[in-house]
Amino acid sequence: MSAEKERSIKKMTLIAPSLLAANFARLAESIKEVEKAGADWLHIDVMDGHFVPNLTIGPPVVSNLRKETNLFFDVHLMIEKPDLLIPDFIKAGSDLITVHEEACPHLHRTIAMIKAANIKAGVALNPATPVNVLECIIEEIDLVLLMSVNPGFGGQSFIQGVIPKIVELKSMLGAKKSAALIQVDGGINPETGRKVVAAGCDVLVAGSFVFKANNPTHAVKQLKELF
Ligand code: DX5
Ligand code: ZN
């Protein structure tokens, strides 16, 4: 990993536009626009039609996008049996791979597989999954993604119940002396973004707010100016 990417994972309050809301016929252009606007990471939502009721993209698309940008690739796997595809997403150029706790019966093994490739590893929790399921894995991971909508679609309303989960997670990280980042994903705009950052979020994922905006450049700048 380059020194620049290593620095970017440590900087606080990062903005990660989610490609899910972009025009899939013009992905490279959309990425270049948010990169120029100052986005820190690119959030890439991978869906399999089983774990979530929607389908998106696979490793070949990620690998082609890798040639178009140097942005940090934050790959959010919303798929069953992620162990089968993690090697391909590593080869495709992911910098961080996040798997869902709900999809991983052998979570420790899955995280070890990601870390063995010398990239960052994250664990995502659905809105109904409590933070305490992370007790025995928190020291092994670089990021926790708290879903603030039920995964599967962009453009849904923010679920307020994520706020106490952020606070609880922050205190767990403190107790374990973990430097893992807290990422919040779903329904993020300047208003909800401010609330989650006040509660302890380090990385804001924003899909619709950025890519459905008339001016995505302005939307990224608006989020960056919040902090
Ligand atoms: C939902 C995805 C999100 C999605 C967020 O399953 O994980 O990353 O793109 O979209 P917005 O920001 O529109 O809620
Ligand atoms: Zn996501």
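Figured I'd write up the structure that's included with this text. Quantities reported herein were computed from a predicted structural model and do not represent experimental measurements.

1. Here's the deal with the overall build of the protein
Move 1: In terms of helices and strands, the protein carries nine helices and eight strands.
Move 2: Computed over the C-alpha atoms, the radius of gyration of the protein is 16 Å, within 12% of the 17 Å expected from 2.2 N^0.38 for a compact globule of 227 residues.
Move 3: Along the first, second and third principal axes, the C-alpha set of the protein runs to 45 × 40 × 35 Å.
Move 4: Put simply, the protein has 227 residues, and 54% of those count as buried.
Move 5: In the protein, once contacts between residues fewer than 6 apart in sequence are set aside, the share between residues at least 24 apart is 65%.

2. Considerations on the packing of aromatic side chains
Move 1: Applying the stated criterion to the full structure yields one aromatic pair.
Move 2: Ring geometry for Trp41 versus Phe72: centroids 4.4 Å apart, planes at 25°, classification stacked. Highlighted residues: Trp41 in strand S2 (residues 41-47) and Phe72 in strand S3 (residues 72-78), separated in sequence by 31 residues.
Move 3: Here Trp41 falls in the buried class, since its relative accessible area comes to 0%.
Move 4: When the ring centre of Phe73 is taken as origin, the NZ or CZ atom of Arg66, which lies over that ring, is 3.7 Å away.

3. Points about the coordination of the zinc ion (ligand 2)
Move 1: Taken together, the protein ligands of the zinc ion (ligand 2) are His43 (NE2), Asp45 (OD), His76 (ND1) and Asp185 (OD), with distances of 2.1 to 2.3 Å.
Move 2: Coordination at the zinc ion (ligand 2) is octahedral: its six donor atoms span angles of 69 to 169° at the metal.
Move 3: Look at where the donors of the zinc ion (ligand 2) fall in the sequence and you get H-x1-D-x30-H-x108-D. Here Asp45 is found in strand S2, whereas its partner His76 is found in strand S3, with 31 residues between them in sequence. Across the pair, His76 and Asp45 agree in class, each one buried.

4. Topic: helix H6 (residues 162-175)
It helps to recall that an α-helix has 3.6 residues per turn; residues three or four apart then point in one direction.
Move 1: End to end, H6 covers 20 Å across 14 residues, agreeing with the expected 20 Å (1.5 Å per residue, within 8%).
Move 2: If you follow the buried residues of H6, they end up packed against strand S5 (120-125), strand S6 (143-147), strand S7 (181-185) and helix H7 (190-199).
Move 3: Positive phi shows up at Lys177, right after H6, with a value of about 55°.

5. As for the pairing of S5
On any regular strand, side chains alternate: one points to one face of the sheet, the next to the other face.
Move 1: Burial analysis of S5 places six of its six residues in the buried class, the great majority of the element.
Move 2: Of the strand pairs in this sheet, strand S4 (residues 96-100) and S5 are connected by five bridges, and their pairing is parallel. In the strand pairing of S5, Val99 is matched with Val123.
Move 3: With helix H5 (residues 107-115) bridging S4 and its parallel neighbour S5, the resulting β-α-β unit is right-handed.
Move 4: Summarising the sheet, S5 and S6 pair through four bridges and their orientation is parallel. In the strand pairing of S6, Leu125 is matched with Leu146.

6. Focus on the packing of helix H2 (residues 27-37) against helix H9 (residues 216-225)
Move 1: Closest axis-to-axis distance for the H2/H9 pair is 9 Å, and the angle between their directions is 40°. The angle between the axes of H2 and H9 places the two elements in the oblique class. Relative to H9, the crossing made by H2 is right-handed. Of the residues in H9, those in contact with Glu33, Val34 and Ala37 of H2 are Pro216, Thr217, Val220, Lys221 and Lys224.
Move 2: Residue composition of the contact of H2 with H9, grouped by class: four nonpolar, one polar and three charged.

7. Thoughts on the packing of H6 against H7
Move 1: Viewed as axis vectors pointing N to C, H6 and H7 meet at an angle of 25°, and their least axial separation amounts to 8 Å. As far as their axial angle goes, H7 and H6 are roughly parallel. H6 and H7 meet at a crossing whose hand is right-handed. Judged by residue contacts, Val162, Ile163, Ile166 and Val167 of H6 engage Lys195, Val196 and Ala199 from H7.

8. With respect to the sheet that holds S7
Move 1: As summarised here, the arrangement of the eight strands in space is S1-S8-S7-S6-S5-S4-S3-S2, forming an open sheet in which the pairing is parallel. The outermost strands of the open sheet, each flanked by one partner alone, are strand S1 (14-17) and S2. Recorded for the sheet is a direction-independent mean angle of 25° between the axes of neighbouring strands.
Move 2: Relative to S3, S2 runs parallel, the two sharing seven bridges. From the neighbouring strand, Trp41 faces S3, where its bridge partner is Phe72.
Move 3: The strands touched by H5 within the sheet are S4 and S5, with S5 carrying the most contacts at an inclination of about 145°.

Parameters at a glance
- Residues numbered from 1 in each chain as written.
- Chains lettered and ligands numbered in written order.
- Predicted model: local features only at pLDDT ≥ 70, side-chain atom pairs only at ≥ 80, totals over all residues.
- Heavy atoms only, no water.
- Helix = DSSP H or I, 4+ residues; strand = E, 2+ residues; numbered from the N terminus.
- Rg over C-alpha atoms; globule rule 2.2 N^0.38 Å.
- Buried < 20%, exposed > 50% of the residue type's maximum accessible area, 1.4 Å probe, protein only.
- Contact = heavy atoms within 4.5 Å.
- Phe/Tyr/Trp six-rings, centres within 6.5 Å; stacked < 30°, edge-to-face > 60°.
- Lys NZ or Arg CZ within 6 Å of the ring centre and 35° of its normal.
- Donors = N, O, S within 2.8 Å, 3.2 Å for Na, K, Ca; no water.
- Tetrahedral: all angles 85-135°; square planar, octahedral: opposite > 155°, others 65-115°.
- Expected span 1.5 Å × (residues − 1).
- Pairing = 2+ DSSP bridges.
- Right-handed = clockwise from strand over helix to strand, strands pointing away.
- Axes fitted to C-alpha atoms, helices over the stretch in contact; angles between N-to-C directions.
- Parallel < 35°, antiparallel > 145°, perpendicular 65-115°, else oblique.
- Left-handed = near helix turned anticlockwise from the far one by under 90°.
- Nonpolar A, V, L, I, M, F, W, Y, C, P; charged D, E, K, R; others polar.

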